[in-house]
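# Chains, contacts and geometry: an overview
Listed below, chain by chain, are the residues.
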Amino acid sequence: MPEIRVTPLGAGQDVGRSCILVSIAGKNVMLDCGMHMGFSDDRRFPDFSYITRSGRLTDFLDCVIISHFHLDHCGALPYFSEMVGYDGPIYMTQPTQAICPILLEDYRKIAVDKKGEANFFTSQMIKDCMKKVVAVHLHQTVQVDDELEIKAYYAGHVLGAAMFQIKVGSESVVYTVSGNLGHRKGCLVEEREEAPPHHHILCQGDYNMTPDRHLGAAWIDKCRPSLLITESTYATTIRDSKRCRERDFLKKVHETVERGGKVLIPVFALGRAQELCILLETFWERMDLKAPIYFSTGLTEKANHYYKLFIPWTNQKIRKTFVQRNMFEFKHIKAFDRAFADSPGPMVVFATPGMLHAGQSLQIFRKWAGNEKNMVIMPGYCVQGTVGHKILSGQRKLEMEGRQVVSPHLSLPALWIPLGWVEALGTTTCADGPHTAMLQLEVKMQVEYMSFSAHADAKGIMQLVGQAEPENVLLVHGEAKKMEFLKQKIEQEFRVNCYMPANGETVTLPTSPSIPVGISLGLLKREMAQGLLPDAKKPRLLHGTLIMKDSNFRLVSSEQALKELGLAEHQLRFTCRVHLHDTRKEQEMAMRVYNHLKSVLKDHCVQHLPDGSVTVESILVQAAAHSEDPGTKVLLVSWTYQDEELGSYLTSLLKKGLPQAS
Amino acid sequence: MDPECARLLPALCDVLADPRQPVADDACLEKLLDWFKAVTEAGSSLLLLQDHPCLVELLFHVLKPQDLSSRILSFALRLAGIFAAQENCFQYLQQGELLPGLFGEPGPLGAAAWAAPSVRSGWIQGLHSLAQHPSALRFLADSGAVDTIFSLQGDPSLFVASAAGQLLVRVLDLALCGPAEGRISLQAWDWPACARKIVCHLEDCLRSKATPRVMQALHVLTTAFGHCHGLWTQGLWVQLSPLVARLLEKDPVPAPHALVDLLLSVARSSMLSSDPGLWETAAQTLSHLSPTQAGPLAAGILKLQDCPQALRIQAFGVLLQPLAFVLEATAQAPGMPGLLEGAAGDLMAMDTLPPSKSACVGLLCSALAHLELLQPLPQRPSPWPQAPLLAAVVAILRLCNGSAAPSSEAGGRLCAMLGGCVRVQRAALDFLGVLSQGLGPQELVTQVFAILLEYLVSPDSSPTVLKKAFQATLRWLLSSAAPPGCCDLEPYAQLVLGELLSVLRKRLCSPCWEVRDSGLEFLTQMTRHRGGQAGFRQALLASEVPELTRQLLQDPESYVRASAVAAVGQLSSWGLLAAPSSPEHAATPQKTPLEELLLVLTTDSEGFPRRAVMRVFTEWLRDGYADVAEDPERFVARVLQAASGDLDWEVRVQGLELALAFLEQLLGPCGPSAAAPPGALAQALQALCRVQLFEFAFRSLFDCDRPVAQKSCDLLLFLRAKATPPSNSQEVGDGPDVTSVEAALRRWQAGEQGQLPQQARQAASRPCGETF
């Protein structure tokens with residue numbers, strides 16, 4: 001019996017690294033290979049030892065599929081392929097393949113630089129890993145091997161995000177990890193879509209099945225998979241309307257700029273940044289505003305490059321107008337130079353990274369934090385421990401790392417106290433290297449959080465389930481309580497089984513394989529002659545002879561089967577004796593049987609033959625005296641295999657006895 | 001504990017105990033546990049609990065029936081385990097009946113919360129932490145925990161089930177290892193009750209007809225023999241090995257993977273590998289399991305340092321069998337040596353390979369992978385059948401690309417199964433590359449190069465296959481140590497070089513970046529090793545490859561640009577980057593490679609190519625590349641100027657690396673008696689000032705990125721070692737110059753960054769002994 005087994009190694013009742021093992025009819029696929037940014041030890045990667053236990057990775061796994069470029073979906077990939085030793089194919093869309101290494105490289109640099117981590121994957125490993133990637137086009141059916149095929153569907157969410165259908169024979173699984181459902185929890189170098197813990201998100205179910213400013217809507221055809229695996233982060237979240245959020249965002253930026261303040265918007269280079277840039281560009285144009293808007297150096301070009309390259313992945317409006325005007329070539333948004341941060345007057349700066357944990361955004365934040373006229377707008381979730389997370393949690397005095405040169409002979413205390421630092425808390429010393437001083441920064445600037453996630457809530461997930469019409473649903477990447485709510489909703493509304501395994505738990509779905517059988521025209525005509533039109537929703541019983549030849553199944557009439565196979569027909573009759581206690585004569589007994597059957601089997605032709613026997617279709621009933629007991633009569637019932645059903649029924653009927661004569 | 005943390009602890013416990021304040025992220029609880037673990041490892045848990053009663057209150061709080069989240073309950077269980085790992089603290093918690101409440105029947109075991117895998121996992125981890133002392137063992141035995149652990153071995157969560165198995169091993173080890181270890185009998189029936197109970201359970205599992213139960217026992221034993229080295233492991237093996245051997249009587253053999261893991265774990269254990277019964281069981285296992293199942297055991301046996309020769313032969317036979325079948329099925333003419341001669345060879349039947357394509361592919365791939373890992377090992381089987389293996393791999397590659405013309409029915413079947421199979425191609429090419437270490441007879445070497453060229457030329461080769469084909473070709477071309485009886489490779493290499501460069505030219509123009517990149521990596525390595533050989537130089541210069549490589553510096557893909565940088569670096573080092581000969585280029589003066597790479601360094605938007613340039617420049621400087629050697633000061637100045645302003649910290653680090661190389665050239669390598677002679681030092685320091693090395697180094701000290709600052713420290717310390725005679729090294733830093741350097745740096749830091757800190761520079765350029 002073929003079965004589907006799903007084991008999340010990550011993202012099972014949690015929102016950490018995504019890594020789901022799916023086994024369909026003996027084929028093993030890993031869906032996503034994410035990392036958890038919250039850890040800097042072994043725990044940041046899924047525990048792959050549960051796979052290696054089954055033998056060599058490359059022998060065990062048929063392929064790895066990556067849904068999109070967020071690190072909690074692809075961050076462990078170089079580790080998995082270059083350090084753990086997976087050497088098989090990795091599938092992802094072209095934009096994901098292009099953008100993935102940038103993020104991985106970014107994270108590697110942060111891990112090695114800020115956290116001083118050794119034994120991390122190297123640039124070369126990222127490259128070698130990316131060389132194992134096979135790019136998949138949308139709606140292209142990719143044959144992984146003779147039995148396993150995959151197909152990508154547009155998911156919106158972020159550039160290049162895809163839902164994947166995995167098919168082995170008649171069984172299929174659809175993985176909709178993003179589909180604008182996805183959020184990217186745990187990513188340090190990118191945005192996350194979740195509200196900080198102290199915020200309650202306002203509600204309105206606006207699942208992004210509609211296009212946003214730069215990406216299209218997720219779409220999948222009615223593929224009726226055996227299983228739909230879907231992310232459920234926003235299972236119970238209802239959000240305020242997108243237009244309200246946009247209006248609010250523009251209002252806040254405008255007010256700050258009007259009063260001469262500076263606005264810092266920490267972003268990740270690709271994705272939401274473009275969305276907000278288009279928004280501000282249009283607003284600036286409409287309002288004829290003069291304050292400069294800047295974007296981190298180099299990243300505008302990079303982002304532009306990818307959006308130009310992957311224009312078919314953007315939404316219809318951008319695609320249509322692209323020939324006349326590239327929406328990503330902004331008139332008001334210029335490249336940022338670090339010297340601009342000290343310029344007087346208002347300005348808006350989009351700077352990376354999005355969580356204020358390093359780099360340009362943190363440098364600018366340090367400079368501007370001390371002025372109450374300024375504002376920082378966090379458009380995404382921030383991982384614990386980052387400056388972004390701290391200020392969103394309401395912290396106004398931040399302990400931050402400063403650095404000073406220390407050698408026994410060269411000591412430069414307090415050289416690095418930038419504007420806004422008010423006191424030094426403590427100093428650590430080390431023998432011969434740079435050491436850090438913990439300093440305190442008072443944040444006077446305004447801090448705003450505005451979620452611009454590529455969102456999907458319960459409504460959106462339900463919509464997708466309705467669209468795909470799966471036989472079973474499995475929820476991942478969400479919190480248990482929220483999943484429970486959604487699970488009930490799905491089970492009630494769609495009457496399908498819904499599962500929510502924890503990490504390490506295996507869900508096994510027995511599947512009933514549908515075996516295609518060809519039916520002969522003759523047999524079909526005979527069925528049609530009975531006057532019943534076929535109805536796709538009502539299964540119908542059809543009698544015939546099944547011929548299995550060369551892996552093909554055909555149902556034909558028995559006559560045709562005999563002819564095709566060159567066989568002679570043999571009549572096979574089943575015979576059964578029914579003993580009834582009755583002292584009457586055989587003829588009288590036969591008449592009673594006739595009367596009884598005639599009254600019960602009204603739709604059948606019941607005959608009493610001159611020789612005393614009774615027939616019902618091909619069934620023959622004869623009454624005889626018992627050789628040893630004259631008080632007992634024996635009813636001999638005989639029927640052909642064609643009337644097996646009726647013969648059995650009739651026998652059971654007679655065994656119950658005949659009604660008493662009136 | 002930090003006073004600040006101590007102050008925060010009650011508030012933290014309040015938050016954790018309050019169900020209205022859900023903890024959003026498991027990661028923070030994990031980290032909190034890490035912190036508690038560190039605190040308890042550094043000091044007394046008992047004192048910690050006595051000083052902070054809020055912790056015990058928190059643990060009591062979770063015992064109350066309430067709507068507490070499973071993650072907090074799990075956290076509390078683990079926390080209690082961490083505290084109770086110290087015996088006095090365990091007793092303290094026991095007095096309060098806290099531990100039975102948490103880990104016994106009245107605790108989560110009987111509650112609805114037990115349904116959450118995180119709670120079950122927390123329960124196991126808590127017990128694992130506390131299982132450190134005799135009191136804990138008594139507690140485990142008396143509380144009925146061991147029975148619960150038995151049942152958790154079959155938990156639906158892999159994580160919980162696996163942790164339960166590990167906990168059983170921990171309990172066994174605790175019961176049998178300790179002060180009384182020497183007195184522990186080798187007979188399991190004399191062991192303490194708790195250990196006996198576990199052994200009985202394992203026996204029951206091994207006798208069970210249910211495969212999952214057998215598997216649980218095998219996993220526990222594998223962990224025990226893999227991680228524990230007490231004498232008791234011998235007793236356990238003696239007791240259970242007959243039951244393990246009896247598993248082989250079942251058809252099919254239950255849990256073959258787990259059985260193989262167990263046998264290998266026992267074989268690797270120094271305590272147990274002397275048991276002759278083990279080798280007998282291993283031999284039986286090899287013959288009972290299917291070739292796919294037996295492969296890992298065979299490979300594991302062959303990697304052992306010590307094991308019976310007969311078993312090694314049998315194991316090698318298992319790995320060779322699939323390849324032997326291929327060889328026989330594709331043999332064109334008799335006379336070719338087979339892989340399995342004698343009895344093993346005769347046994348080889350037509351149905352050696354599995355009937356289904358995927359199973360056949362899987363078997364071949366794993367056999368190739370195991371052999372690939374074995375080949376370089378000193379304990380690999382000897383004699384190593386190099387020639388037939390080569391023939392078999394070539395045959396497999398031919399079957400895969402359709403160039404084989406099998407005459408037998410089996411060959412035809414193989415052809416149909418392997419045709420176009422990328423997975424087998426990759427595995428075979430990897431193994432073929434490894435086989436270059438042994439070379440082979442002339443005819444086979446010709447075939448090897450021919451098939452490699454076929455793969456490199458073929459438009460059907462996927463990028464991953466091409467990469468492996470390039471790597472295998474490189475290994476064969478660079479293999480020069482020809483053992484006696486094998487042909488000299490050089491003539492073949494020369495023969496294929498022309499064709500190879502023509503393929504490379506084509507591949508460098510591939511629309512796939514992966515292919516262009518693999519081609520460039522191949523070229524770089526070839527040039528690095530063969531750049532001085534006349535034949536290679538001649539062939540390369542006659543091809544368009546160098547010019548194409550130069551053009552790839554402008555490739556749209558940054559990885560390719562980086563590889564092109566490395567290739568240009570190598571080609572230039574060997575003088576193989578000739579000026580273009582075409583007339584259209586004649587009018588415009590051609591940039592030198594140095595200028596081209598400088599352009600990449602200053603203009604490329606991606607860090608990867610810029611870092612590649614820095615690596616090449618450092619190599620050039622160290623190796624005395626002609627363009628650099630002409631005027632090293634100018635070269636270093638230009639590079640440092642570009643690197644110091646780079647946004648990528650790794651480029652800046654490499655800039656400092658280059659500066660260090662420059663220093664070494666001027667002052668000699670670092671060593672114990674490293675001080676440079678005064679005259680040379682003065683000159684060197686002046687040169688360093690001219691190339692503005694000090695500006696770069698001082699600025700780097702304050703770099704936002706830690707590795708840059710660290711590298712700068714390394715550089716300055718190196719310079720100090722060179723500038724200071726050993727006798728003065730303790731006194732330096734107390735002199736008046738330090739103040740002036742500091743003052744200069746402060747001013748510089750305060751806003752004169754563009755300006756050279758004159759005083760610092762003067763101080764730095766002063767002769768030895770006066771500064772640093």
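Residues numbered from 1 in each chain as written. Chains lettered and ligands numbered in written order. Predicted model: local features only at pLDDT ≥ 70, side-chain atom pairs only at ≥ 80, totals over all residues. Heavy atoms only, no water.

### What to know about the sheet that holds strand β27 (residues 545-549) of chain A
Residue and element names in this part refer to chain A. Just so we agree on the cut-off: The rule for pairing is simple: two strands pair if DSSP sees at least two bridges between them. By the criteria applied, helices consist of DSSP H or I runs no shorter than four residues and strands consist of E runs no shorter than two, each listed in order from the N terminus. Between two residues, a contact is recorded if the distance between any of their heavy atoms is within 4.5 Å. Orientation is described by axes fitted as lines to C-alpha atoms, over the contacting stretch for helices, and by angles from 0 to 180 degrees between their N-to-C directions.
A sheet is described by the order of its strands in space; here three strands give the open sequence β26-β28-β27, paired in mixed fashion. Each edge of the open sheet carries a strand with a single partner, namely β26 (518-519) and β27. By the bridge criterion, two bridges tie β26 to strand β28 (residues 552-556) in an arrangement that is parallel. Each bridged residue has a counterpart across the sheet, and for I519 the counterpart in β28 is L555. Helix α16 (residues 558-565) contacts β27 and β28 of the sheet and is inclined by roughly 125 degrees relative to β28.

### A closer look at the environment of A:P353
All names here are of chain A. Here is the rule: Between buried and exposed lies partly exposed: a residue is buried under 20% and exposed over 50% of the maximum accessible area for its type, with that area taken using a 1.4 Å probe on protein chains only.
Tracing the sequence through the fold places P353 in the loop between β15 (347-351) and α11 (359-368). Classification of P353 by relative accessible area gives buried; the value is 11%. Ignoring sequence-local partners within four residues, the contact set of P353 consists of P266, V267, A358, G359, Q360 and S361.

### Observations concerning the packing of aromatic side chains
Formally: Any two rings among Phe, Tyr and Trp, with Trp reduced to its six-membered ring, count as a pair given centres within 6.5 Å; such a pair is stacked if its planes are under 30 degrees apart, edge-to-face if over 60, and tilted if neither. In this analysis the charged atom, NZ for Lys or CZ for Arg, is taken to sit over a ring once it is within 6 Å of the ring centre and within 35 degrees of the ring normal.
The full count for this structure, using the stated rule, is 28 aromatic pairs over all chains. Seen from their ring centres, A:F45 and A:Y79 are 4.2 Å apart, and the 10 degrees between their planes marks the pair as stacked. Of this pair, A:F45 sits in the loop between β3 (27-31) and α1 (49-52) while A:Y79 is found in helix α4 (residues 77-84), placing the two residues 34 residues apart along the sequence. The class for A:F45 is buried, based on a relative accessible area of 8%. An angle of 35 degrees between the planes, with centres 4.7 Å apart, marks the rings of A:Y294 and A:F340 as tilted. Of this pair, A:Y294 sits in strand β13 (residues 293-295) while A:F340 is found in the loop between β14 (333-335) and β15, placing the two residues 46 residues apart along the sequence. With relative accessibility at 27%, the residue A:F340 sits in the partly exposed group. Three or more aromatic residues link up through ring pairs in this structure, and these residues are A:F45, A:F48, A:Y79, A:F80, A:Y86, A:Y107, A:F120 and A:F121. Between A:K109 and the ring centre of B:W649, over which it is positioned, the NZ or CZ distance is 5.1 Å.

### Topic: the nonpolar core
The test is simple: Buried Ala, Val, Leu, Ile, Met, Phe, Trp, Tyr and Cys residues form a nonpolar core when they are joined through side-chain atoms within 4.5 Å.
Grouped together as the largest cluster of nonpolar side chains are 360 residues, with contacts concentrated most on B:W123, B:L323 and B:F617. In contact with B:W123, other than residues within four places in its own chain, are B:L77, B:L102, B:F103, B:L109, B:W114, B:A145, B:T148, B:I149 and B:L152.

### Section: helix α10 (residues 145-152) of chain B
All names here are of chain B. A large share of α10 lies buried, amounting to six of its eight residues. Turning to α10, its buried residues number three or more, namely A145, V146, T148, I149, F150 and L152. Where α10 is buried, its residues meet α8 (117-130), α9 (134-142), α11 (158-176) and α12 (193-207).

### What about the confidence of the model for chain A?
Residue and element names in this part refer to chain A. Using the following cut-off: Confidence of the predictor at the level of single residues is given by pLDDT, which spans 0 to 100.
Across chain A, pLDDT averages 78, with 77% of residues at or above 70. Here strand β20 (residues 421-427) stands out as the least confident element of chain A, with mean pLDDT 27; strand β4 (residues 63-65) is the most confident, with 97. Residue range residues 403-436 is modelled with pLDDT below 50. Its contacts to residues more than four positions away, or to other chains, number 86 contacts.

### Examining the packing of helix α25 (residues 463-478) of chain B against helix α27 (residues 513-530) of chain B
Residues and elements named next belong to chain B. This is how the line gets drawn: Roughly parallel here means an angle under 35 degrees, roughly antiparallel means over 145, roughly perpendicular means 65 to 115, and every remaining angle is called oblique.
Axis separation between α25 and α27 bottoms out at 9 Å; the angle between their running directions is 10 degrees. Considering their axes alone, α25 and α27 lie roughly parallel with respect to each other. Between α25 and α27, the contacting residues are P463, L466, K467, F470, T473, L474, L477 and L478 on the first element and E514, V515, S518, G519, F522, Q525, M526, H529 and R530 on the second.

### Some points on the sheet that holds strand β31 (residues 614-616) of chain A
Residues and elements named next belong to chain A. Spatial strand order, β29-β33-β32-β31-β30: five strands in an open sheet with antiparallel pairing. The open sheet has two edge strands, β29 (573-581) and β30 (606-608), and neither has a second partner. On average, each strand axis in the sheet is inclined to that of its neighbour by 20 degrees, with strand direction left out of account. Here strand β32 (residues 619-625) runs beside strand β33 (residues 632-640); their pairing, made up of six bridges, is antiparallel. Counted as the bridge partner of Q622 is L636 from β33. Sitting on the sheet, helix α17 (residues 586-600) touches β29, β30, β31, β32 and β33, and the angle it makes with β30 is about 160 degrees.

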